[in-house]
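What follows is the residue order along each chain.
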Amino acid sequence: MATPVVTKTAWKLQEIVAHASNVSSLVLGKGSGRLLATGGDDCRVNLWSINKPNCIMSLTGHTSPVESVRLNTPEELIVAGSQSGSIRVWDLEAAKILRTLVGHKANICSLDFHPYGEFVASGSQDTNIKLWDIRRKGCVFRYRGHSQAVRCLRFSPDGKWLASAADDHTVKLWDLTAGKMMSEFPGHTGPVNVVEFHPNEYLLASGSSDRTIRFWDLEKFQVVSCIEGEPGPVRSVLFNPDGCCLYSGCQDSLRVYGWEPERCFDVVLVNWGKVADLAICNDQLIGVAFSQSNVSSYVVDLTRVTRTGAVAQDPVQDSRPLAQQPPPPSAPLRRIYERPSTTCSKPQRVKQNSESERRSPSSEDDRDERESRAEIQNAEDYNEIFQPKNSISRTPPRRSEPFPAPPEDDMATAKEAAKPSPAMDTQLPVPNLEVLPWPQVVTSTPAPKAEPAIIPATRNEPIGLKASDFLPAVKIPQQTELVDEDAMSQIRKGHDTMCVVLTSRHKNLDSVRAVWTTGDIKTSVDSAVAINDLSVVVDLLNIVNQKASLWKLDLCTTVLPQIEKLLQSKYESYVQTGCTSLKLILQRFLPLITDILAAPPSVGVDISREERLHKCRLCYKQLKSISGLVRSKSGLSGRHGSAFRELHLLMASLD
């Protein structure tokens, strides 16, 4: 593909060979505008970082070409649908498959994630729309009404509605809570390719192959305005984040539209061919297009695009003066979405599905999941972007730097580029403090003082912590201490890092909670242990300890090694949680363990007894290992000493 002429408004960013065979689908991450996912005829899903040449990760497992891909807003999950009708959901941070969803009988043409819940909507060439609960691996609803392939699905910002566009020239609006169609919007004379909800108002935009864009009022269920005369089929539309205008991606151009009345604010020439998806970040619009196995990305500087005001008569020229005016403040013409503060409510009823959808996971499904894998092609980029589990960085960051525009060929522009300008980013790159290890321990005193072995859970002053632990190393020997302003500035820089740590912990707890809600306590504890984060284990044990009946013998075999780690922790709250859990185990199961181990062998074969005997032996071995630790700490004074002495008395029978 020929490189387009670089202008002050739009330029080509890069071109990559995305797959060994033709690219069949691609999508941009809407959260950062920096992550790109592609699906190809080689049955793979590849992930890329915009403006980087190498593939980050390749997801395998599909046995037919991938027809549709979609990233959720936090860019933690990706869903891919294939020609065979199967859907696979991947956890990008864990680099593993979460679910395989089977139920469609033809190509998956469209997908979308629910904005507030663990749900995915899928549209197929079989004309059906299905709503999936990816936590329970099942279909919640099936919506019927279209007569041809469903090409686009979009959830409303409040998560209550689902809009669908199809080859039957119609747009339909579905009520998720009632499980029925609210309204149908006819009027297009060609297949409808895209639909998009207004970010604030009850307004829907749809683009069609008949070269028209229609705006629909979702309160009155009628057309607001219709824009005709597009240079080609409308392949992608996107509202500005503040809702002031609509961007339309057409053949080799970007058009900026308003409605009520319909008008074109601006036209930007972009040689992107058939653009497939759009995203906005840092006042830049990123567009991606594909041709055969190549994928190209383009950038449009929105600060130089007219988004409100007079109607544009001609395409954007280099000599055109900047026309950037903020939209006049005014009250919305329609109601705005009421976004819930928590996850969306479950549907009021569950529709009975066919036998193939109700069946339990078969051995074939399990085999598919075993064969599905994530091949990390570039470990450095993967760690930079996803930072799985307890890592503290999440890159691309939410406040990432804009893409710098390439220099122009004429000398006048070269001189201009040397001067500071908002259009050209000439500042030195700011180091990303979020990728620094946490905490960065640097001792500023020549003779470190002895720190207490335990950090109290409640205190009025930070015992065992020094401000110098959170400051960078002093490079100048004569400068032994920082002034207060510099110290406070350095400490504040760790705020974003701590927020990322807490967000990661919240995500891990959400994954454990998702398993907990199924009623399988043992599996939820196993998942918490697998995360390898003691803070998650402590939070889970604090819940289990409140209800002693939740404790089972097989649960003890998993928790006891974690309790041993908690008892050796320097945090008082961790030690107390470990002591409470160990006390419950000793009171409920130690007599049972000793009795079963002392009983004579049974006559014949008793499988359940053998399993119980194996668990008791394992628990006994773990308790013996912990008893030495308890004995060594029973001489401590204060609250800890009292707890360990009580445990030592309970474990006396082990000796």
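Each value, and the rule that gives it
Residues numbered from 1 in each chain as written. Predicted model: local features only at pLDDT ≥ 70, side-chain atom pairs only at ≥ 80, totals over all residues. Heavy atoms only, no water. Helix = DSSP H or I, 4+ residues; strand = E, 2+ residues; numbered from the N terminus. Buried < 20%, exposed > 50% of the residue type's maximum accessible area, 1.4 Å probe, protein only. Contact = heavy atoms within 4.5 Å. Areas by Shrake-Rupley, 256 points an atom, 1.4 Å probe, with all protein chains shown as cover. Pairing = 2+ DSSP bridges. Axes fitted to C-alpha atoms, helices over the stretch in contact; angles between N-to-C directions. Core = buried A, V, L, I, M, F, W, Y, C linked by side-chain atoms within 4.5 Å. Polar contact = N/O pair within 3.5 Å; in protein donor to acceptor, adjacent residues only side chain to side chain. Phe/Tyr/Trp six-rings, centres within 6.5 Å; stacked < 30°, edge-to-face > 60°. Lys NZ or Arg CZ within 6 Å of the ring centre and 35° of its normal. Parallel < 35°, antiparallel > 145°, perpendicular 65-115°, else oblique. Left-handed = near helix turned anticlockwise from the far one by under 90°. Nonpolar A, V, L, I, M, F, W, Y, C, P; charged D, E, K, R; others polar.

The name recorded for the protein in an unreviewed UniProt entry is Katanin p80 WD40 repeat-containing subunit B1, from Rousettus aegyptiacus.

Asker: In this structure, what is going on with the overall build of the protein? I would like to understand it.
Answerer: Each helix and strand counted, the protein has 12 helices and 29 strands in total. For the protein, the residues scored as buried account for 48% of the 655 residues in total. Partitioning the intrachain contacts of the protein with sequence separation of at least 6 by distance along the chain shows that 55% fall at a separation of at least 24. Only carbon and sulfur atoms are counted for the fraction: they give 52% of the accessible area of the protein, which is about 32200 Å².

Asker: Even after reading the chapter, I still don't get the sheet that holds strand 7 (residues 77-82), so can you show me in this structure?
Answerer: Pairing between the strands of a sheet comes from backbone hydrogen bonds, and it takes one of two forms, parallel or antiparallel. Judged by pairing direction, the sheet is antiparallel, and its four strands sit side by side in the order 6-7-8-9 without closing on themselves. Edge positions in the open sheet fall to strand 6 (66-71) and strand 9 (96-101), since each of these has one partner strand only. Averaged over all pairs of adjacent strands, the angle between strand axes in this sheet comes to 20°, irrespective of strand direction. In this structure, strand 7 lies alongside strand 8 (residues 87-91), joined through five bridges in antiparallel fashion. Bridge pairing links V79 to V89 in strand 8.

Asker: What is the right way to look at the nonpolar core in this model?
Answerer: Considering soluble globular proteins, one finds that nonpolar side chains tend to be buried as a cluster. Among the nonpolar cores identified, the biggest contains 43 residues, and W551, L560, L567, L582, L623, V630 and M651 are the most heavily contacted of them. Elements supplying a minimum of two residues to this core: helix 7 (521-530), helix 8 (534-544), helix 9 (553-567), helix 10 (572-598), helix 11 (607-633) and helix 12 (638-650). Ranked by residues supplied to this core, first place goes to helix 10 with 11 residues. Those residues in contact with L623 that lie beyond four places of it in its chain are L560, L582, L586, L590, I593, M651 and L654.

Asker: Even after reading the chapter, I still don't get the side chain of R154, so can you show me in this structure?
Answerer: Along the chain, R154 turns up in strand 14 (residues 150-155). Of the polar contacts made by the side chain of R154, one reaches the side chain of E196; its length is 3.5 Å. Contacts of R154, omitting those with residues within four sequence positions, involve R70, L111, D112, W161, L162, A163, V195, E196 and F197.

Asker: Sorry if this is basic, but what is going on with the side chain of R255 here?
Answerer: Structurally, the position occupied by R255 is in strand 24 (residues 253-258). The contact partners of R255, leaving out residues within four places of it in the chain, are E230, P231, L246, Y247, S248, D266 and V267.

Asker: Can you help me understand the sheet that holds strand 25 (residues 263-269) in this one?
Answerer: Across the sheet, which stays open at both edges, the four strands sit in the order 22-23-24-25 with antiparallel pairing between neighbours. Unpaired on one side and paired on the other, strand 22 (236-239) and strand 25 mark the two borders of the sheet. Neighbour-to-neighbour, the strand axes of the sheet open up by a mean angle of 20°, direction not taken into account. Note that strand 22 and strand 23 (residues 246-250) share four bridges and pair antiparallel. Across the sheet, L238 pairs through a bridge with Y247, a residue of strand 23.

Asker: I'm lost on the environment of G635 in this one. Help?
Answerer: Among the structural elements, G635 can be located in the loop between helix 11 and helix 12. For G635, a relative accessible area of 70% puts it in the exposed group. Separated by 10 residues in sequence, G635 and R645 have C-alpha atoms that sit 7.5 Å apart.

Asker: Where do I start with the packing of aromatic side chains in this structure?
Answerer: Aromatic ring pairs are reported here in terms of the distance separating the ring centres and the angle at which the planes meet. The tally for this structure, following the rule as stated, stands at 11 aromatic pairs. Consider the rings of F185 and F221, whose centres lie 6.5 Å apart with planes at 25°: the pair is stacked. Of this pair, F185 sits in strand 17 (residues 180-185) while F221 sits in the loop between strand 20 (213-217) and strand 21 (222-227), and the two are 36 residues apart along the sequence. Residue class for F185 comes out buried when judged on its relative accessible area of 1%. A residue is classified by how much of its surface remains accessible, and F221, at 33% relative accessible area, is partly exposed. Here F197 and Y337 contribute two aromatic rings whose centre-to-centre distance is 6.5 Å and whose plane-to-plane angle is 75°, an arrangement assigned as edge-to-face. Of this pair, F197 sits in strand 18 (residues 192-197) while Y337 sits in the loop between strand 28 (294-301) and helix 1 (355-358); the two residues are 140 residues apart in sequence, bridging distant segments of the chain. Judged by its relative accessible area of 4%, Y337 is buried. If you follow R34 out to its NZ or CZ, it ends over the ring of F403, 3.9 Å from the centre.

Asker: Help me understand the packing of helix 7 against helix 8 in this model?
Answerer: The geometry of a pair of packed helices is captured by two quantities: the angle between their axes and the separation between those axes. Running from N to C, helix 7 and helix 8 point in directions that differ by 155°, and their axes come no closer than 8 Å. The orientation of helix 7 with respect to helix 8, classified from their angle, is roughly antiparallel. Residues S524, V525, A528 and V529 of helix 7 pack against V536, V537 and L540 of helix 8.

Asker: What should I look at first to understand the pairing of strand 27 (residues 284-291) in this one?
Answerer: The side chains of a regular strand alternate, first on one face of the sheet and then on the other. With six of its eight residues buried, strand 27 lies for the most part within the structure. Here strand 26 (residues 275-281) pairs with strand 27 via six bridges, running antiparallel. For I280, the partnering residue across the bridge sits in strand 27 and is L285. Between strand 26 and strand 27, which pair antiparallel in sequence order, lie two residues; one of them, N282, sits at a positive phi of approximately 55°.

Asker: Mind showing me how you'd approach the packing of helix 8 against helix 9 here?
Answerer: Closest axis-to-axis distance for the helix 8/helix 9 pair is 11 Å, and the angle between their directions is 120°. Taken together, the axis directions place helix 8 and helix 9 in an arrangement best described as oblique. Handedness of the helix 8/helix 9 crossing: left-handed. Every residue of helix 9 that contacts helix 8 at L534, V537, V538, L541 and V544 is listed here: L555, V559, Q562, K565 and L566. Considering only residue class, the contact of helix 8 with helix 9 consists of eight nonpolar, one polar and one charged.

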